[in-house]
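# Observations on the model geometry
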Number of protein chains: 2
Amino acid sequence: MKLYEQVADAIAARIDQSYYQVGEKLPSIRAISQAHGVSISTAQEAYRLLEEQGRAEVRPKSGFYVLAQSKSPQQLPDLSRPAQRPMEVSQWEDVLELLCANTNREMIQLGRAIPELGAATLKPLSRIMADLNRQDPLATLNYEHLRGSDNLRLQIARLMVDAGCVLHPDDIVTTTGCQEAISTSLRAVTEPGDIVAVDSPSFYGSMQAVKAQGLKALEIPTHPETGISLEALELALEQWPIKAIQITPTCNNPLGYTMPEANKKRLLAMTKRYDLPIIEDDIYGDLAYQAPRPPALKSFDTEGRVLYCSSFSKTLAPGLRVGWCAPGRYLNQVIHMKYVVTASTATLPQMAIAEFIAQGGYERHVRKMRAQYQQSRDVMIGWIEKYFPAGTKISYPHGGFLLWVELPSELDTSELNEYLIPENICIAPGVLFSASGKYQNCMRLNFTDPPNAKNEAAVERVGELAAQLITEQKATLNGTKRV
Amino acid sequence: MKLYEQVADAIAARIDQSYYQVGEKLPSIRAISQAHGVSISTAQEAYRLLEEQGRAEVRPKSGFYVLAQSKSPQQLPDLSRPAQRPMEVSQWEDVLELLCANTNREMIQLGRAIPELGAATLKPLSRIMADLNRQDPLATLNYEHLRGSDNLRLQIARLMVDAGCVLHPDDIVTTTGCQEAISTSLRAVTEPGDIVAVDSPSFYGSMQAVKAQGLKALEIPTHPETGISLEALELALEQWPIKAIQITPTCNNPLGYTMPEANKKRLLAMTKRYDLPIIEDDIYGDLAYQAPRPPALKSFDTEGRVLYCSSFSKTLAPGLRVGWCAPGRYLNQVIHMKYVVTASTATLPQMAIAEFIAQGGYERHVRKMRAQYQQSRDVMIGWIEKYFPAGTKISYPHGGFLLWVELPSELDTSELNEYLIPENICIAPGVLFSASGKYQNCMRLNFTDPPNAKNEAAVERVGELAAQLITEQKATLNGTKRV
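Residues numbered from 1 in each chain as written. Chains lettered and ligands numbered in written order. Predicted model: local features only at pLDDT ≥ 70, side-chain atom pairs only at ≥ 80, totals over all residues. Heavy atoms only, no water.

Before going further, it helps to examine the overall build of chain A. Summing up its helical and strand segments, chain A has 16 helices and 17 strands in all. Here the C-alpha radius of gyration of chain A, 23 Å, is about what a compact globule of 483 residues would show, namely 23 Å. For chain A, the C-alpha atoms occupy an extent of roughly 70 × 60 × 50 Å along the three principal directions. Sorting the 483 residues of chain A into buried and exposed places 64% on the buried side. Partitioning the intrachain contacts of chain A with sequence separation of at least 6 by distance along the chain shows that 75% fall at a separation of at least 24. In the form shown here, chain A has an accessible surface area of approximately 18,000 Å², with 49% of it arising from carbon and sulfur atoms. Averaging the coordinates of the 49 positive side-chain charges in chain A and doing the same for the 54 negative ones gives two points 3 Å apart. (Helix = DSSP H or I, 4+ residues; strand = E, 2+ residues; numbered from the N terminus. Rg over C-alpha atoms; globule rule 2.2 N^0.38 Å. Buried < 20%, exposed > 50% of the residue type's maximum accessible area, 1.4 Å probe, protein only. Contact = heavy atoms within 4.5 Å. Areas by Shrake-Rupley, 256 points an atom, 1.4 Å probe, with all protein chains shown as cover. Lys, Arg positive; Asp, Glu negative; His and termini not counted. Charge placed at Lys NZ, Arg CZ, Asp CG, Glu CD.)

Scanning all chains against the criterion turns up 43 salt bridges over all chains. Put simply, R461 of chain B and E423 of chain B hold a salt bridge, and the shortest N to O gap is 2.7 Å. Note that R461 of chain B is positioned in helix α16 (residues 453-482) and E423 of chain B in the loop between α15 (413-420) and β16 (425-426), a separation of 38 residues in sequence. The network of salt bridges with shared partners includes K272, D275, E303, R305 and R329 of chain A. (Salt bridge = Lys/Arg side-chain N within 4 Å of Asp/Glu carboxyl O.)

The subject of this paragraph is the relation of the copies chain B and chain A. Note on the copies: chain B fits chain A at an RMSD of 0.1 Å, the axial shift is 0.0 Å, and the rotation between them is 180°. In symmetry terms, the pair is related by a two-fold rotation axis. The C-alpha atom lying nearest the rotation axis in chain B is that of A130 of chain B; the distance is 1.9 Å. The residues that chain B uses at the interface reappear at the interface of chain A in 100% of cases, marking a shared surface. (Least-squares fit on C-alpha atoms with pLDDT ≥ 70 in both.)

For the rest of this paragraph, the subject is the interface of chain B and chain A. Contact residues are listed per partner, giving 57 residues for chain B and 57 residues for chain A. Around 4,800 Å² of area is buried between chain B and chain A when both sides are counted, 65% of it from carbon and sulfur atoms. Contact with chain A buries surface across chain B, with L141, Y143 and Y339 of chain B losing the most and accounting together for 16% of the total. Summed over the shared surface of chain B and chain A, the result is zero salt bridges. When contributions to the side of chain B that touches chain A are tallied by element, the ones reaching two or more residues are α4 (92-101), α5 (123-135), α6 (137-141), α8 (177-189), α9 (204-212), α12 (331-342) and α13 (347-358) of chain B. Among the elements that line the side of chain B that touches chain A, the one with the most residues is α12 of chain B, at seven residues. Class assignment for the residues of the side of chain B that touches chain A results in 31 nonpolar, 19 polar and seven charged. (Buried area = accessible area lost by both parts, 1.4 Å probe. Nonpolar A, V, L, I, M, F, W, Y, C, P; charged D, E, K, R; others polar.)

Attention now goes to unusual backbone geometry. In this structure, the amide linkage connecting S200 of chain B to the following residue, P201 of chain B, adopts the cis form with an omega of 0°. Within the secondary structure, P201 of chain B sits in the loop between β6 (195-199) and α9. Along the chain, N253 of chain B connects to P254 of chain B via a cis peptide bond; the corresponding omega equals 10°. Along the polypeptide, P254 of chain B turns up in the loop between β10 (242-247) and α11 (261-273). In the Ramachandran plot, A343 of chain A falls in the positive-phi region, its phi being about 70° despite a non-glycine side chain. You can call A343 of chain A buried: its relative accessible area is 13%.

Turning to the packing of helix α10 (residues 230-239) of chain B against α11 of chain B, a few remarks are in order. Residues and elements named next belong to chain B. One way to put it is that α10 packs onto α11 with a least axis distance of 11 Å and a crossing angle of 5°. In terms of orientation, α10 and α11 fall into the roughly parallel class. Across the interface between the two elements, L230, E231, L233, E234 and L237 from α10 touch N263, R266, L267, M270 and R273 from α11. Considered class by class, the residues forming the contact of α10 with α11 number five nonpolar, one polar and four charged. (Axes fitted to C-alpha atoms, helices over the stretch in contact; angles between N-to-C directions. Parallel < 35°, antiparallel > 145°, perpendicular 65-115°, else oblique.)

Residue and element names in this part refer to chain A. Across the sheet, seven strands lie side by side as β4-β12-β11-β10-β9-β5-β6; this open sheet has mixed pairing. Edge positions in the sheet fall to β4 (173-175) and β6 (216-220), since each of these pairs with one other strand and no more. With direction set aside, neighbouring strand axes in the sheet form an average angle of 25°. Where strand β11 (residues 306-311) and strand β12 (residues 323-326) come together, four bridges link them in antiparallel fashion. Note on β12: the bridge partner recorded for C309 is C325. The sheet strands contacting helix α8 (residues 177-189) are β4, β5 (195-199), β9 (242-247), β10 (278-281), β11 and β12, and the helix crosses β11 at an angle near 160°. (Pairing = 2+ DSSP bridges.)

Glancing now at α13 of chain B. Residues and elements named next belong to chain B. Look at α13: 17 Å from first C-alpha to last across twelve residues, which is about the 16 Å you get at 1.5 Å a residue. Taking burial as the measure, the twelve residues of α13 include ten buried ones, the bulk of the element. Listed in full, the buried residues belonging to α13 are T347, L348, P349, Q350, M351, A352, I353, A354, F356 and I357. Where α13 terminates, the next one or two residues include G360, which has phi positive at roughly 85°. (Expected span 1.5 Å × (residues − 1).)

Our next topic: helix α15 (residues 413-420) of chain A. All names here are of chain A. Within α15, the full set of buried residues consists of T413, S414, L416, N417 and L420. Angularly, the buried residues of α15 cover 155° about the axis, an arc narrow enough to put them on a single face. Its side-chain oxygen at 2.9 Å from the backbone nitrogen of S414, D412 defines the N-terminal cap of α15. (Arc of directions from axis to C-beta. Polar contact = N/O pair within 3.5 Å; in protein donor to acceptor, adjacent residues only side chain to side chain.)

Attention now goes to the pairing of β5 of chain A. Residues and elements named next belong to chain A. Most of β5 sits inside the fold, with five of its five residues counted as buried. Residues I195, A197 and D199 line one face of β5 and the alternating positions V196 and V198 line the opposite face, and both faces are buried. Pairing geometry for β5 and β6, over five bridges, is parallel. The residue of β6 that forms the bridge with V198 is E219. Note that the unit made of β5, helix α9 (residues 204-212) and β6 has a crossover that is right-handed. Alignment of β5 against β9, held across four bridges, turns out to be parallel. Along β9, the bridge assignment pairs A197 with I245. (Right-handed = clockwise from strand over helix to strand, strands pointing away.)

All names here are of chain B. Counted under the stated rule, the structure contains nine cavities of 30 Å³ or more. Its volume calculated, the largest cavity comes out at about 340 Å³. Element by element, the count of residues in the lining of the largest cavity is highest for α8, at four residues. For the lining of the largest cavity, the residue count by class is twelve nonpolar, seven polar and six charged. (1 Å grid on protein atoms, 1.4 Å probe; cavity = no way out; pocket = protein on both sides within 12 Å on 5 of 7 lines; lining within 4 Å. Points joined across faces, edges and corners; volume = space filled by probe spheres on them.)

Residue and element names in this part refer to chain A. Considering all chains together, one arrives at 22 aromatic pairs over all chains under this definition. Ring geometry for F312 against Y362: centres 5.8 Å apart, planes inclined by 85°, an arrangement best described as edge-to-face. Of this pair, F312 sits in the loop between β11 and β12 while Y362 sits in helix α14 (residues 361-387); the two residues are 50 residues apart in sequence, bridging distant segments of the chain. Centre to centre, the rings of Y373 and F401 are 5.0 Å apart; their planes meet at 55°, and the pair counts as tilted. In this pair, Y373 sits in helix α14 while F401 sits in the loop between β13 (393-394) and β14 (402-406), placing the two residues 28 residues apart along the sequence. Connected via pairs of aromatic rings, a cluster forms that spans F203, Y204, W404, F433 and Y439. (Phe/Tyr/Trp six-rings, centres within 6.5 Å; stacked < 30°, edge-to-face > 60°.)

Attention shifts here to the domain arrangement of chain A. All names here are of chain A. Assigned domains of chain A: these are domain 1 (3-66), domain 2 (120-361) and domain 3 (370-482). On a C-alpha basis, the centroid separation for the pair domain 1 and domain 2 is 32 Å. Together domain 1 and domain 2 conceal approximately 500 Å² of surface at their shared face, both sides included; 44% is due to carbon and sulfur atoms. When the buried surface of domain 1 facing domain 2 is broken down by residue, R48, E52 and V58 rank first, second and third, together holding 70% of it. (Domains from an automatic or database assignment.)

Residue and element names in this part refer to chain B. On the secondary structure map, Q350 appears in helix α13. For Q350, a relative accessible area of 0% corresponds to the buried category. Here T345 takes part through its backbone oxygen, which lies 3.0 Å from a polar atom of the side chain of Q350. Contacts of Q350, omitting those with residues within four sequence positions, involve E144, G148, S149, L152, T174, V322 and T345.

With 299 residues, the main nonpolar core has F312 of chain A together with F312 of chain B as its most contacted residues. Leave out the neighbours within four places in its chain, and F312 of chain A touches L152, I156, L159, A317, V322, W324, I353, I357 and Y362 of chain A. Ranked by size, the runner-up nonpolar core spans 19 residues in total, among them I15, L26, I32 and V66 of chain A. (Core = buried A, V, L, I, M, F, W, Y, C linked by side-chain atoms within 4.5 Å.)

Written as structure tokens, this is what we have:
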């Protein structure tokens, strides 16, 4: 047993013996270092392990806190059980309905994944954009290079060090949001008719990209705390001619989990054996509540088989439409697809973001938002526990601002949404996140906004209507049985 | 014979009899109306016909002028003779080389199609962008609707009346440049392996979209004054299972022609017989030198089979990355593809362009640029006639800022470019514009910049090197023959 493992065990034992209660602050890293006579870095490693084990969690600018032994305070959804064969993706009509419902500005948008845009720490970005238009209008109006702004790619390469990735700016291509990164990556590594393995539930935007490319999705059972089941994935790889894997391993959308590092390494080893590319969506990775953020899958990739996709749409603002792709060995194919699809990414937002990062604005803003979202998560979970029907299971996000809720099987959340929308409330129904029409009794909710009475009332109303629909459905089923 | 045809004939007879010399101003519409005792609109129709016949040309804010009887002052390229079978598109490496060469800011970019960005009439657009960032930062940071900004789509619908199109804003989807409009349109109406008929030479960006979608291009012979040969197209439609037609019928890139209205109507009738969609690239249409601008193919489309694609990249600025698509009956497919590819178009540039159009800035700027480009065209043609080797043929653009030059068959313009680039001059070699590797002895040049000594020297140098390469090649061929 390594030294840091011994220290972690010692702390865990004290938690088990109730020397530290759930929610209580643990000793600082310095205190642990002194108490156990180990180095600061060993103490840090010990806490890292406790975090991985779900025994402790970090709160930025504060310290480490004891987590409940069940790893999370509420009952988690079960391991998902999607269809065990490749499926064509449908659900486009439902996705379109969600996107259109969200254009109503009165709507309380519990369904969509838009970050908070009103934070004071984001204001300098708008100022920078205004200044650039005055100072260098010619540059802002011209094409950027096909690969993207030099300055921005340099700044992105620097940011990605936090995710454990050591890249050259020329390994990076900027894109029109993460969506372009994902869809061009998919087109770069697959042909129509191919099978792609995906985590399940999975972000509907990636699923629609799978559909548009004429691919079939093989949904792999996924655990709400540790992510895609590697055992199930291995079985699938043996059984089907899978051509690529597409996952969101860090601060997953919609489940919020982060795959443990060991799983990320095992996944990479597996794809090496099967010689497969992996499309990694890391769009929420920088919003992990733990600091430093967990390493990306890409950070363990020595062979260039990970096509890393991300954007500033969740950390800064989606209207900028600036994302990026680090496609490893598939760089040339991605550049070709990027050229064909949009020729280049809008110039001004790229210039502005590069300057915002250089001035330290990105770090400042993201640090603030991580802490805010973590607090909002706890409030949101409290509301759901209070207002939703008995038997509701809730995911426990490690980052970002999205929650997955599983309700009793009698509920159809698409039907629920039809009742909610006229009341100006909108959720994201579970079926959007599956090729095989699973998760009808699930929904994705966001906790973007700082907690407020209006949102609490909306969550209460969702829970109330859900309970009502479940009761009605049960009555109908009983009635049917009697007939 | 209709009245306006009689009037046109009368004016043409006076030109033939040298009452009006080549380059001389013709009587005003009002003068013709009085002289011939016809209505103003009949006089206008007569001039429209003379323009179509290539006897007269309009100069904005000035009037009508006599054209040389050969329709244009210089010898035109021949009707193109591309391969007569569907081909896979190659040339990506050459396109990439061109795109990368153009990122050198010292380079005199005769090859790329970037409009003039320094015009005073464009400055208000930068001011509007700066103001929007200050006044409404929240709106500029958020997602726009999937279909695009409401205000912008309304303004686009208004602009398109000039092209003869009567559309509702909801018939329009904004895109990340024209490239996204074209590539999503292609994906909406074809499957990999399909055959698409294209004009030839054809814009390399569209050709690469054909390649990326796994399609084959069937290049149709194209006339440098009247566009795609309808006879050749009809033969091709009889012979091959063509699934779509992709053309740039107005102010064509690279040839500069505008298809006569009668041809546009015949083309549409033909696609009706074969039940085919047409992808119309109209990106240069608003830069036609004649006023009002020629009607778009879309304007004659009563069945929704034209997927109209355009953008503000040539009329305003490419770095904005704002284009649009009016996909007719294929609207739902295009919206799906647009969502999959980029989710939505950057917000701020859409807001800014809508405001710029609303303030009258678009009309003012485009009017100015049309006149400027027309004057630059004449200067550029003069330079080419002066500096290029004997036997050079030059297209006679009806709009935009691009010229097509055909040199003696001994010249390889890709080789020429290799000599030019170290001297910081870059042209667009002809092979980029063909799937079948034709047009090796051709090049596309732009006349974006107001005429200046530096550009004249560059054109002179291109001509000089071309002549030298032709002489060397002839000597080699003779030498080979002797051996």
